[in-house]
Amino acid sequence: MPDITVLISGSGSNLQALIDAEKKGELGGTITQVVSSSDTAYGLTRASQASIGTKTHILKNYYKGTTKEDKSEREARREKFNEDLAKLLINGDIRDTPVDGYTKPDLVVCAGWMLILSPTVLTPLEKTGITIINLHPALPGAFDGTHAIERAWKAGQSGDITTGGVMIHKVIAEVDRGAPVLVKEIDLRKDESLDDYETRIHDLEHVAIVEGTNIVLKELAK
Ligand SMILES: Nc1nc2c(c(=O)[nH]1)N[C@@H](CNc1ccc(C(=O)N[C@@H](CCC(=O)O)C(=O)O)cc1)CN2
Ligand SMILES: O=CNCC(=O)N[C@@H]1O[C@H](COP(=O)(O)O)[C@@H](O)[C@H]1O
């Protein structure tokens, strides 16, 4: 079975959907590790409860000793963060050689990973043959970036659009612009509260993240 690493930054409800699917024999791979960009992410608890190994990789640790004004220094630190993330995923640690017994993932799933991955991560992953996908809570080309759920909901309330949805897409340097693997649409309802729309979107995500991951795993098996 292919090995999956899941990247998270927060609650991990989409990670939980993947864990539950695996438990029910409905996931075409094995989640072998979870990497979080936050050490307070509840997703870390979910992973531990499922006996999945976890690692944290925290950008603010790389920024230590700098201030917001140190723009170029922070850019350099962020590149080091990205460089180390690639090693973490490929070698199992931020070193240059693989950790004994570590098996690199076949697939990396961004499930609420809230940091833009630079080519310093994406290129080594591609060279190593690791596919990376992302769950985006909006339709292709619409509302790229963060707060997509609220932005789509607002556009729905103002009547600009009548359809929302989620997608699973390949991750490329251009944010949220990689080839869609799976798109699921839902209607945007006038006068629906943001909370209610958000609930419908999250329910849809929990189906899409499993379905989209399985589609990619089938592609990899060919
Ligand atoms: N290459 C690349 N990286 C990605 C995605 C991609 O398709 N391509 N998909 C991403 C999921 N979507 C986003 C889009 C934008 C941002 C974003 O803008 N992040 C700010 C921080 C925002 C915050 O901290 O709230 C940053 O500086 O990285 C985060 C996740 C994850 N990283
Ligand atoms: O792609 C764009 N940005 C990424 C993004 O906004 N991802 C969203 O973060 C949430 C994670 O929820 P969790 O799984 O932690 O419960 C979930 O709604 C994802 O669609």
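Structural data are supplied above this passage.
A brief look at the structure comes next. (Residues numbered from 1 in each chain as written. Chains lettered and ligands numbered in written order. Predicted model: local features only at pLDDT ≥ 70, side-chain atom pairs only at ≥ 80, totals over all residues. Heavy atoms only, no water.)

### A closer look at the sheet that holds strand 7 (residues 180–187)
Argument step 1. In space, the seven strands of this open sheet follow the order 3-2-1-4-5-6-7, with mixed pairing throughout. Two strands bound the open sheet, and with one partner strand each, they are strand 3 (53–56) and strand 7. In this sheet, neighbouring strand axes are inclined to one another by 20 degrees on average, regardless of whether the strands run parallel or antiparallel.
Argument step 2. Two elements, strand 1 (residues 3–8) and strand 4 (residues 107–110), share four bridges in a ladder whose sense is parallel. Bridge pairing in strand 4 places Thr5 opposite Val108.
Argument step 3. Of the strands in this sheet, strand 1, strand 2 (30–36), strand 4 and strand 5 (131–136) touch helix 1 (residues 13–23), which is tilted by about 165 degrees from strand 2. (Pairing = 2+ DSSP bridges. Helix = DSSP H or I, 4+ residues; strand = E, 2+ residues; numbered from the N terminus. Axes fitted to C-alpha atoms, helices over the stretch in contact; angles between N-to-C directions. Contact = heavy atoms within 4.5 Å.)

### A look at the pairing of strand 5
Argument step 1. Within strand 5, six of the six residues are buried, which leaves the element mostly enclosed by the surrounding structure.
Argument step 2. Going residue by residue along strand 5, you find Thr131, Ile133 and Leu135 tucked away on one face and Ile132, Asn134 and His136 tucked away on the opposite face as well.
Argument step 3. In this sheet, strand 5 lies alongside strand 4 in parallel orientation, the contact comprising four bridges. Each residue of the ladder has a partner; that of Leu107, found in strand 5, is Thr131.
Argument step 4. Between the parallel pair strand 4 and strand 5, the chain is carried across by helix 5 (residues 119–127), and the sense of this crossover is right-handed.
Argument step 5. Across four bridges, strand 5 lies against strand 6 (residues 163–170) in antiparallel orientation. Across the sheet, Leu135 pairs through a bridge with Ile168, a residue of strand 6. (Buried < 20%, exposed > 50% of the residue type's maximum accessible area, 1.4 Å probe, protein only. Right-handed = clockwise from strand over helix to strand, strands pointing away.)

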